[in-house]
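# Observations on the model geometry
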Amino acid sequence: MPIKIGSLAIDETLHDFVTYEALSGTGMGALQFWSGLAKLIDEFAPLLSAPPAVESPFSVSVPETPAKVGIDPLVTRLHGPQIAVSASEPRYILKAANARWSSLYDALYSSHLIPETEGAERGGAYNKVRGAKVMERAKIFLDQVLPLAKGSHADVRLYGVAEGELFAEFAPGDRSALQKPEQFIGCEGRPERPTGVLFDHEGGNILLRIDRRHVIGKDDPAGLADVLLESLLAVIIDFEDSLFCAGPKDKIAAYRNWLGILKGSLRIEFKKNKKVTDRLLATDLSLTDRAGKPLSLPGRSLLMASHAAPHVLSHLVYDKKDAPVPECLIDAAVTALIAIQDLKRARGLPNSTKGAIYAVKPKLRGPGDLKTVADICSRIETFLRLPQETIKLVIMDESQAIHAIAEQTAPERGLPANRFVAFLPDPIDQAVEALQSRFTEAALQLKPFASLASAFAASPAKVALNAFARHQGLMPFAPAALEFEAVDTAGQERQGKERRDKDLAFFCEHILSLLYVLIEHGQSSLLVRDNGDAGEIADRASLRLAILQIANWLRHGLYDDAVIGTALGQAAARLMERNPDEAPLHVLLGEGEGSLLRLAQELIALLAQSPTEAMEPVLVPWRRAALVRQGPKGDNRFEAMRGATRGLESGEAFRTHD
């Protein structure tokens, strides 16, 4: 039963969560919050529901970014896309947040950088031969980035601190300092026998873990149990994907996870490898600096909330016209309210050392959208009694054009200079943008054909390897951007059509696989194949890219509806053959009113007509219908994949390709 407050009709579950949990400790009353939200909705709901205005072209050159005020310094060190994890999955939220410090030993052990020769194969049990090669490679790395004045880290028997300086001891009386003593920052434990030693290398931190009783450390001359790299600086907690939160209880659970992770109280028990694991948020690092003073460093990544897209309407709140309101307004207000509890925390390091709240805004269309979202943040800050420009907008900017506008013309357009932060998206998102921009001019196809899996596999191991590469001055492990070429309709058309037919078959399987896990299981990603180091992750960005590619061919007459329908049917048959025991898959890929074949054709037709059209208004009703059909949640053998956006602790759910 909705609760009426002023002009709003509020779902009871949202009302109770805000009143009894989110408002606690903020110093704000419920009436103040709901009246502020009502004014926000009255002002901005009409703007968000209006079609985008035609805006003049703008330069895409990105100027040198001026110094920002009130923004955490680590934001300037973000390299490419960060892990995005569903707000509905506490298990993966915790795993991502705890990957601020990632094990180089674990990353090297599981990667191809250590050859599987001479008894160093990867396997289920720990392989001491492979472990020795990992430690050898790690010592070479330390010699490169933290060189000693003499000798090698491989020969060190003891690390210690004397008079504020690090020493490495090879034998009694035989010691060496660092070649660059200023790289030493501090230590854990007793200076003469530290349990951890912290270094700086070109703005990135490296922590040596020393434990002679550890299964690894006991075999190392210096007791070096691990090398931790400051790897995952930021994590996006994704409220954007409305398929995860199609029902009120699911949405409130997502808000509650945001509350728990910011307060540090979030925890989850789960089974993995037949063992029960209790996962908590990592504690902050407590060290002593070289001057002997206490030093604290965050043990977790900087947390950012990604809000729902403007076109998604929420059934949690109805306005004075009894109409559902844009979900992004509720997300923006509730996540900022919850963040106040973090800003006012009495113990431990807050999420932001600068008192900032980070909100991720994808798919902005131009200067008008920038102005609107900046104004929304300003109104929220006013009714939550926050200083102006507390909320920082992180722009997921496919073309860098939005970034250029924010940097070049902020004062002229009334945009606060300290409101915006930007970093680049995944190349899959850039490919979607590129295909949409050229959609109507010609029939296009990828050159050469590439996997539609996420180009940035941001598992904790992968981000550790990225940090490992950057410390050595190498390019991070990220593939090149995907490119398109115009379809050759001249002499090579027969050969081109054969290749295109194969691509069509692949895209159809890709689409049906992802639609199945989206609709039936409410998950946004899927491991489509295993390439040795880490599975390739397909997600909603790659789903859109596959649909856009087929829609482009349909738009330009290379295939008609009948041929595409046949290709989808053949793809469905192959998937059912590979998954004979997955009963819901057979039902949803059959013929009839609720068939995913019809949904796929509907989405292809939609994007063929309008390539920038949002898919959520079509997908969300299907997901809601699936929740009603399923009733109470039962076992889900896809659980290892739920919320595993961008490759976070992913396991293969079902076979999509041979």
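What comes next is a walk through the structure.

Thresholds, definitions, all that
- Residues numbered from 1 in each chain as written.
- Predicted model: local features only at pLDDT ≥ 70, side-chain atom pairs only at ≥ 80, totals over all residues.
- Heavy atoms only, no water.
- Helix = DSSP H or I, 4+ residues; strand = E, 2+ residues; numbered from the N terminus.
- Buried < 20%, exposed > 50% of the residue type's maximum accessible area, 1.4 Å probe, protein only.
- Salt bridge = Lys/Arg side-chain N within 4 Å of Asp/Glu carboxyl O.
- Pairing = 2+ DSSP bridges.
- Axes fitted to C-alpha atoms, helices over the stretch in contact; angles between N-to-C directions.
- Contact = heavy atoms within 4.5 Å.
- Phe/Tyr/Trp six-rings, centres within 6.5 Å; stacked < 30°, edge-to-face > 60°.
- Lys NZ or Arg CZ within 6 Å of the ring centre and 35° of its normal.

Its identity as a non-glycine residue notwithstanding, Glu202 has a phi of 55°, on the positive side. For Glu202, the location among the structural elements is in the loop between β9 (193–201) and β10 (204–210). Even without a glycine there, the phi angle at Asp322 is positive, about 60°. Here Asp322 is to be found in the loop between β18 (313–318) and β19 (324–326). With relative accessibility at 59%, the residue Asp322 sits in the exposed group.

Should their charged atoms come close, side chains of opposite charge can pair. Tallied over the entire structure, the rule returns 22 salt bridges. Asp220 serves as the salt-bridge partner of Lys139, at 2.8 Å between the closest nitrogen and oxygen. One end of the pair, Lys139, is in helix α5 (residues 128–145); the other, Asp220, is in the loop between β10 and β11 (224–230), with 81 residues separating them in the sequence. For the pair formed by Lys139 and Asp220, the shared burial category is buried. Residue Lys150 pairs with Asp174 through a salt bridge whose shortest N-O separation is 2.9 Å.

Our focus in this paragraph is the sheet that holds β11. Spatial strand order, β4-β11-β10-β9-β8-β15-β16: seven strands in an open sheet with antiparallel pairing. Every interior strand has two partners, whereas the edge strands, β4 (101–103) and β16 (294–297), have only one. Averaged over all adjacent pairs, the angle separating strand axes in this sheet is 35°, with direction ignored. Bridging between β9 and β10 involves six bridges; their strand directions are antiparallel. Looking at the pairing, Asp200 lines up with Asn205 of β10. The strands touched by α5 are β9, β10 and β11; relative to β11, the strand with the most contacts, the crossing angle is about 55°.

Turning our eyes to something else, we now look at the packing of aromatic side chains. All chains considered together, the criterion is met by 11 aromatic pairs. Judged by centre distance (6.5 Å) and plane angle (65°), the rings of Phe184 and Phe199 are edge-to-face. Here Phe184 is found in strand β8 (residues 184–190), whereas its partner Phe199 is found in strand β9, with 15 residues between them in sequence. Here the two residues Phe184 and Phe199 agree in accessibility, since each one is buried. Ring centres 6.2 Å apart and planes at 85° place the aromatic pair Phe239 and Trp258 in the edge-to-face group. With Phe239 in the loop between β12 (234–238) and α6 (248–263) and Trp258 in helix α6, the pair connects residues that are 19 residues apart, well separated along the chain. The burial state of Phe239 is the same as that of Trp258; both residues are buried. The rings of Phe17, Phe239, Tyr255 and Trp258 are connected pair by pair, giving a single aromatic cluster. Across from the ring centre of Tyr109, 5.5 Å away, lies the NZ or CZ of Arg130, which sits over that ring. Just above the ring of Phe167 sits the side chain of Arg175; from NZ or CZ to the centre is 3.7 Å.

None of this, on its own, says anything about what the molecule does.
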